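# Remarks on the overall topology
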Amino acid sequence: MALLGVIRRWYFRDGMSKREIARRTGLSRNTLKKYLNQSQVEPVYSPRQTSSKLDDFVAILRDALNFEAKKPRKQRKTVKQLYHDLLPQGYCGSYDRVAAFARHWRTEQSVSKQVYVPLLFAPGEAFQFDWGENWVSIAGKKVKVQVAHFKLCHSKAGYQRAYWTQTHEMLFDAHNHAFRVFGGVPARGIYDNMKTAVDKIGRGKARVINKRFLAMASHYLFDADFCNPASGWEKGQVEKSVQDGRYALWHQAPAFASLDELNDWLERECLALWRAYKHPEHKPLTVQQCWQAEQPHLMQVSALFDGFTEHSKVVSSTCLVTFECNKYSVPASFANRRISLRVYPDHLDMIAEGRQITSHQRVFSRDHSAPGQVIYNWRHYLLVAQRKPGALRNGAPFQSLPDAFKQLQQVLTQKMGGDREMVDILALVLHHESEHVEQAIATALQSGCASKDHIINCLHRLIEATPPAPVPVAVQLQLTVEPTSDTGRYEQLRGRYAH
């Protein structure tokens, strides 16, 4: 470019001949004619024309790529398979040339799609939801948790909560906590086509929505909108939140003793980010200040959604119900009968005859190769033990008795009929508080008289109600002279009424 400027100045300004310019620059006179005769002041180089063995097969390969792009991702042919399809048609070039053309074709397709329209949301109009995965240390082990992400579209306030799975009950519980923290419910929720919300994807925006998800949306009175398949940019705010959260929170997360402790920490950190981050559109304001302005536009939550999933289960002859490879005990009176199992994120409720018969803390087995756990409640087997007292000695449910009960069992099993007496004492927990029974047993053991009658006596004295205070007596009914005790009056009465 600099040489062209020098040539033009020498020729047009200084009047130097082409021969002299050629001598000084070393360029041929034909090259000088080309540069001096054209009106352009910038050198233009014609593209290099190269031929390729793929030129005659470009149309075939482009049609094949377009056809494969319309298939589901896992059913598409690879570039190597397309290369082998070209060989029988006469292509004799290399695979690298086909791969380069496929890369260039994909780039053109992606560039044509990377055009978006900026979105603007009114206060309280919508929120976005998505699941993410992160690793964290819980109870001394590095585990993977499923994280529910929420984002208010107007104020950009975000919320995260961790769970072990992405099932229905976890999804419902996450919404309960998010709306509690946000202080209300927006008018619309934007989701992808997750299986816990969409049973079937139809043409366009047609969806067959899950009934339990519809029940939750109806309870909170918001409309559920679902993105097009593989169109994550339609909920780009929460998609970015999932990515940014790994660097803002999870990479600096400490170790936790339990999942509840992790969620408490997450909630505090999310609120701290509200105070620390500026709103991307309203720069002088923080996210928290924008959320405070948006909160009056949110619908108030009158009651939380009872987000359980229900399963029909048959109780085994050993009074157990199986769920997710783990077994939970049920009262013996419901053995070999069908009950309803209501699953919550942290506990399980067993329902029969229209009432709750028992409840268990939910157990999550992180090692799927290991056998499931069996969770017993020894009270559920008292009905069987009353008919079979010998089951106390080796019965698996009775291995978890409190220490006072175990000490009493060691004493009673040394005498005749001790098993029967032990069962009768255990049955006291069906009518009295377990702590009171345990305290009565401890008192009896300390006294050295560990028998059923003595334990019942100690229990009654323990739970005996305090005698009521004496009723105040009116002044006119109070005695002014206290009567004295005189047994001689009895003899006088005998003499008087002897006849």
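To be clear, the structure that these remarks concern was listed above.
Just so it is clear, the model here is predicted, and its values are computed rather than measured.

Cut-offs used in this document
Residues numbered from 1 in each chain as written. Predicted model: local features only at pLDDT ≥ 70, side-chain atom pairs only at ≥ 80, totals over all residues. Heavy atoms only, no water. Core = buried A, V, L, I, M, F, W, Y, C linked by side-chain atoms within 4.5 Å. Buried < 20%, exposed > 50% of the residue type's maximum accessible area, 1.4 Å probe, protein only. Helix = DSSP H or I, 4+ residues; strand = E, 2+ residues; numbered from the N terminus. Contact = heavy atoms within 4.5 Å. Pairing = 2+ DSSP bridges. Axes fitted to C-alpha atoms, helices over the stretch in contact; angles between N-to-C directions. Phe/Tyr/Trp six-rings, centres within 6.5 Å; stacked < 30°, edge-to-face > 60°. Lys NZ or Arg CZ within 6 Å of the ring centre and 35° of its normal. Disulfide = S-S within 2.5 Å. Patch = residues over 30% accessible without salt bridge, like charges linked within 9 Å, V, L, I, M, F, W, Y side chains within 5 Å. Areas by Shrake-Rupley, 256 points an atom, 1.4 Å probe, with all protein chains shown as cover. Salt bridge = Lys/Arg side-chain N within 4 Å of Asp/Glu carboxyl O. Lys, Arg positive; Asp, Glu negative; His and termini not counted. Charge placed at Lys NZ, Arg CZ, Asp CG, Glu CD.

In this structure, Val 145, Phe 182 and Leu 262 are the most contacted members of the largest nonpolar core, which totals 50 residues. Taken together, the elements giving at least two residues each to this core come down to β1 (126-138), β2 (141-152), β3 (158-163), α7 (168-182), α8 (211-220), α10 (259-276) and α11 (287-294). At eight residues, the largest contribution of residues to this core is made by α7. Apart from the residues within four sequence positions on either side, Phe 182 is in contact with Phe 150, Leu 152, Ala 157, Gly 158, Tyr 159, Trp 274, Trp 291, Gln 295 and Leu 298. Listed in part, the 29 residues of the second largest apolar core include Trp 378, Tyr 381, Leu 401 and Val 423.

Here we take up the sheet that holds β2. The sheet built from five strands is open, its strands ordered β3-β2-β1-β4-β7 with mixed pairing. Of all the strands in the sheet, just β3 and β7 (223-226) have a single pairing partner and so form its edges. Geometrically, the sheet is characterised by an average inter-axis angle of 30° between neighbouring strands, direction not taken into account. For β1 and β2, the ladder comprises twelve bridges, and the chain directions are antiparallel. Bridge pairing links Val 136 to Val 143 in β2. Strands β1, β2 and β3 of the sheet are contacted by helix α9 (residues 236-248), whose axis makes an angle of about 15° with β1. Those strands touched by α10 are β1, β2 and β3, and its axis lies near 170° from that of β3.

Glancing now at the sheet that holds strand β8 (residues 309-314). To summarise the sheet geometry, strands pair through backbone hydrogen bonds and adopt either a parallel or an antiparallel arrangement. Within the open sheet, the four strands sit side by side as β8-β11-β12-β13. Their pairing is antiparallel. Every interior strand has two partners, whereas the edge strands, β8 and β13 (355-361), have only one. Strand-to-strand twist of the sheet, defined as the mean angle between neighbouring strand axes without regard to direction, takes the value 25°.

Tallied over the full model, the rule gives 25 aromatic pairs. Ring geometry for Tyr 83 versus Tyr 91: centroids 6.2 Å apart, planes at 90°, classification edge-to-face. Residues Phe 127 and Tyr 191 carry aromatic rings whose centres are separated by 5.9 Å and whose planes lie at 85° to one another, so their mutual orientation is edge-to-face. You can see Phe 127 sitting in strand β1 and its partner Tyr 191 sitting in strand β4 (residues 188-191), a full 64 residues away along the chain. Across the pair, Tyr 191 and Phe 127 agree in class, each one buried. Among the aromatic residues, those joined into a ring-pair cluster are Phe 127, Phe 129, Trp 131, Phe 150, Tyr 163, Phe 179, Tyr 191, Phe 213, Tyr 220, Phe 222 and Phe 226. The ring of Trp 10 carries Arg 24 above its face, with NZ or CZ at 5.3 Å from the centroid. Positioned above the aromatic ring of Tyr 95 is the side chain of Lys 80, whose terminal nitrogen or guanidinium carbon lies 5.4 Å from the ring centre.

Applying the stated rule across the entire model yields zero disulfides. Here Cys 458 is not disulfide-linked; the sulfur of Cys 449 is the nearest cysteine sulfur, at 8.3 Å. Given a relative accessible area of 6%, Cys 458 falls into the buried group.

The buried fraction of β1 is high, at ten of 13 residues. Between β1 and β2, which follow one another and run antiparallel, lie two residues, and Ala 139 among them has a positive phi close to 55°.

Once that is clear, we can look at unusual backbone geometry. Peptide bonds are mostly trans, and most non-glycine residues show a negative phi. One non-glycine residue, Leu 221, lies in the positive phi region at around 65°. For Leu 221, the location among the structural elements is in the loop between α8 and β7. A positive phi angle is found at Glu 353, which is not glycine, with a value near 55°. Here Glu 353 shows up in the loop between β12 (347-352) and β13. Taking the relative accessible area as the measure of exposure, Glu 353 reaches 57% and is therefore exposed.

With that settled, consider a positive patch on the surface. A cluster of basic side chains, namely Arg 73, Lys 74, Arg 76 and Lys 195, defines a positive patch on the protein surface. Within the element layout of this structure, Lys 195 appears in the loop between β4 and β5 (198-201). Judged by its relative accessible area of 75%, Lys 195 is exposed.

So, about the environment of His 177. Structurally, the position occupied by His 177 is in helix α7. Sequence-wise, His 177 and Leu 304 are 127 residues apart; in three dimensions their C-alpha atoms are separated by 8.9 Å. Setting aside its immediate chain neighbours within four residues, His 177 contacts Tyr 159, Arg 161 and Tyr 163.

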